[in-house]
Amino acid sequence: MSRTTQDLRDSANARPVRHVVVIGANGTMGYGSGGLFTHAVPKVTFLARTRGKAEEGVAAAVKQVRSSSLASRTAVGDYDHDMEAALADADLIFEALSEDLSIKVPMFERIDALRRPDSIVATVTSGLSINRLSEGRSESFRRNFLGLHFFNPPNVIVGTELIAGNETDPRVVDFVEAFAQLRLGREMVRTYDTPGFAGNRVGFKVLNEAAQLALEIGVENVERIVGPYTGRALTPLATVDLVGWDVHQAIVDNVYTNTDDEAHATLKLPEYMAGLISKGVFGDKTGRGFFTKEGGKRLVLDPATGDYRPTSDESKFDMSYVHSVARSFAQGRYSEGLNAFLDASGDAAAIARKVVAGYIAYSFGRVGEVAATINDIDRIMGAGFNWAPPSVLVDTMGPARAVELIHGAGLAVPAVLESAAKAAKPPRFFVHPTMNPGRFFVAA
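Below or above, wherever it landed, is the structure these notes cover. (Residues numbered from 1 in each chain as written. Predicted model: local features only at pLDDT ≥ 70, side-chain atom pairs only at ≥ 80, totals over all residues. Heavy atoms only, no water.)

1. A closer look at the packing of helix α16 (residues 347-365) against helix α18 (residues 390-397)
What describes two packed helices is the angle between their axes and the distance between those same axes.
At step 1: Two elements in contact, α16 and α18, have axes separated by 9 Å at closest approach and are oriented at 115 degrees. Between α16 and α18 lies a crossing whose hand is left-handed. Here V356, Y359, I360, S363 and F364 of α16 come into contact with α18, specifically with P390, S391, L393, V394 and M397.
At step 2: Split by residue class, the contact of α16 with α18 holds eight nonpolar, two polar and no charged. (Axes fitted to C-alpha atoms, helices over the stretch in contact; angles between N-to-C directions. Helix = DSSP H or I, 4+ residues; strand = E, 2+ residues; numbered from the N terminus. Left-handed = near helix turned anticlockwise from the far one by under 90°. Contact = heavy atoms within 4.5 Å. Nonpolar A, V, L, I, M, F, W, Y, C, P; charged D, E, K, R; others polar.)

2. A closer look at the environment of D395
At step 1: You can see D395 is positioned in helix α18.
At step 2: Given the relative accessible area of 11%, D395 is considered buried.
At step 3: Along the primary structure D395 and P170 are separated by 225 residues, whereas in three dimensions their C-alpha atoms are 34 Å apart.
At step 4: Among residues more than four places away in sequence, those in contact with D395 are P427, R428, F429 and F430.
At step 5: Side-chain polar atoms of D395 contact the backbone nitrogen of F429, separated by 2.9 Å. (Buried < 20%, exposed > 50% of the residue type's maximum accessible area, 1.4 Å probe, protein only. Polar contact = N/O pair within 3.5 Å; in protein donor to acceptor, adjacent residues only side chain to side chain.)

3. Looking at helix α9 (residues 199-217)
At step 1: A rise of 1.5 Å per residue sets the reference length of α9, with its 19 residues, at 27 Å; its end C-alpha atoms lie 27 Å apart and thus fit the reference within 8%.
At step 2: In the stretch just after α9, G218 is the one whose phi turns positive, near 95 degrees. (Expected span 1.5 Å × (residues − 1).)

4. Looking at the nonpolar core
At step 1: One finds W245, F290, Y321 and I360 to be the most contacted residues of the largest nonpolar core, which totals 87 residues.
At step 2: The greatest single-element share of this core, amounting to twelve residues, is contributed by α16.
At step 3: Counting residues in hydrophobic clusters, the runner-up holds 35 residues, among them A48, L148, A180 and L184. (Core = buried A, V, L, I, M, F, W, Y, C linked by side-chain atoms within 4.5 Å.)

5. Notes on helix α15 (residues 334-343)
At step 1: Taken residue by residue, α15 has G337, L338, N339, F341 and L342 as its buried positions.
At step 2: Where the residues of α15 are buried, they touch α14 (321-330), α16, α18 and α19 (399-408).

6. So, empty space enclosed by the protein
To find leftover empty space, a probe the size of one water molecule is rolled over the atoms.
At step 1: Evaluation of the coordinates by the stated rule reveals one cavity of 30 Å³ or more.
At step 2: The space that makes up the largest cavity amounts to roughly 30 Å³.
At step 3: As for the largest cavity, its lining consists of V17, L92, I120, L148, F175, V176 and F179.
At step 4: The greatest single-element share of the lining of the largest cavity, amounting to three residues, is contributed by helix α8 (residues 170-182). (1 Å grid on protein atoms, 1.4 Å probe; cavity = no way out; pocket = protein on both sides within 12 Å on 5 of 7 lines; lining within 4 Å. Points joined across faces, edges and corners; volume = space filled by probe spheres on them.)

7. A word on the sheet that holds strand β2 (residues 43-48)
At step 1: With mixed pairing, eight strands are arranged side by side in an open sheet as β3-β2-β1-β4-β5-β6-β7-β8. The strands lining the two open edges of the sheet, one partner per strand, are β3 (74-78) and β8 (187-191). Going from strand to strand, the sheet's axes swing by 25 degrees on average, the running direction of each strand aside.
At step 2: Judged from the five bridges that link them, strand β7 (residues 159-164) and β8 form a sheet pairing that is parallel. Paired with T160 across the bridge in β8 is M188.
At step 3: Against the sheet, helix α3 (residues 51-65) engages β2 and β3, with an angle of about 150 degrees to β3. (Pairing = 2+ DSSP bridges.)

8. Overview of the packing of aromatic side chains
At step 1: Going through the model one piece at a time under the given rule, you end up with 20 aromatic pairs.
At step 2: An angle of 75 degrees between the planes, with centres 5.1 Å apart, marks the rings of F108 and F145 as edge-to-face. Linking F108 in helix α5 (residues 101-114) with F145 in strand β6 (residues 145-150), this pair joins segments that are 37 residues apart in sequence. Residues F108 and F145 agree in their burial class; the two are buried.
At step 3: These aromatic residues form a ring-pair network of at least three members: F151, F204, Y359, F385 and W387.
At step 4: One Lys or Arg, R15, reaches over the ring of F175 and ends 5.6 Å from the middle of that ring.
At step 5: R186 extends its terminal NZ or CZ atom over the ring of F150, reaching a point 5.6 Å from the ring centre. (Phe/Tyr/Trp six-rings, centres within 6.5 Å; stacked < 30°, edge-to-face > 60°. Lys NZ or Arg CZ within 6 Å of the ring centre and 35° of its normal.)

Okay, here's the thing in C-alpha cells:
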C-alpha cells in the first residue's frame, strides 16, 4: 500500500509516544532497538531479568549507537520489581525476548495484566505467528498488538517488517508504520502473518540451501561460489555465523514445520548443524560456527567431521569467470556482468546459477502469500538483507534470461515472468524512489 507523505504525517501525529518500554533489553535486538527508540522518544525503559542485565543493555546500546542523548533518556529495571510501574506509563511496549513461544506467551500474559488499555504492544519476532502469540489475550491487547520486525543491528539496517494480526486495529497499524518510518527512519514493509514473514521466508531459504551445500562441496567453496558477485553484501555462511546458528535453527524449523511449498527440502536444517548446535556451537556469539579463530588464525569447519582446519585459497572449482563479472560491475555495466555470469562454463557457475534461480523463482512465487506485491519482497530483501532484490536481478538480466535461468535450474517459472519474457517491451519490476540498484553489484 502506497501512502502519501501527508497521510503518514497525519497518522504519526494521531497519538503521542513519550515512553517506550523494552522487554528483554539485554539481548542484541533488545538493546539495539532500545537505542534506536531513544532518537525519537523522551524516555525508554530497559527491562531485563535483573537490573544489572538491564544496565548491561544500556551500556551495549551506548556503545552501538554512540549517542550523547541515549543515557539521559533511559531508565532501567527488572521484571519483578519495576515492570508494573513501567508498563502503567508506557505508550509502546516492545518485546524482544528469545524466539520461543514458551518464553514469549507467558510474558504477554504478564504484560496484558499490567498495561494500559490503549498502549501498543509490539513483538520483534522474526517469524512466529502474530495471531498465535496473542491467543487468549484481552480484546484491547489483540487490537493493539502487532509484529515490528527490525533486522539486526537496527541502527544500521533500516528494513523493517510490519505484521498485523487478524484483530489488530488498522489505525494502530497505520500509526506504527508512520511512526517507524518518519520518526525512526525505517524502510517499512507490510507483510502477512505467515511463517518467517517475507524477508526470512526468502532469505533463510537461500542461507539454509548454502548450509546444505557446505556438506557437499565445503564451506569455503560455498562462500566463493555464492559470494558478493551474486548480489549479497556478505557471503551466506558468514551471514549465518553473524545471525547465530540458534536463531537460524529457530527460523528454518518454524518455516519447515509450518509450510509445504516447492522449496520445502531446502528449508530443512542440516543434521550436522543440529548436532553442533546441541553442543553449543552458535556462530559468532560463541566464537565457533562455520568459522572460528585459534591462535590468531582463521579456521574453517569441516561439516562432515565437525572439526576445524586452516582456511585455504585453493579450490577445485574454476572461478575465473568472476574476474570478468567484477570488471563489468566496476565499470557500471551491470547487465553485461550478469550475462557473463549466466554464460560462464564450469561447475561453480552452474551451482551459483541454481541458487540465484531459486532465489528469484521463490521470491516471485511467494507474492500473495507472504506479502501483497513483489515490490514488498524486493524492499525487504534490499533494505533488510542488503541483497540484490529479485526484481533488480530480473530487470538487469532481462525477463527472458531470467526464465532461461530458472528453467535451467529445473524449477517452475512464475507466470508473471513467463508473461514478461514474451512481451514486446518487457516491464521493469523494480520500483523504488531512492534505492540505487547499482549498490548490489559488487564482486570481491
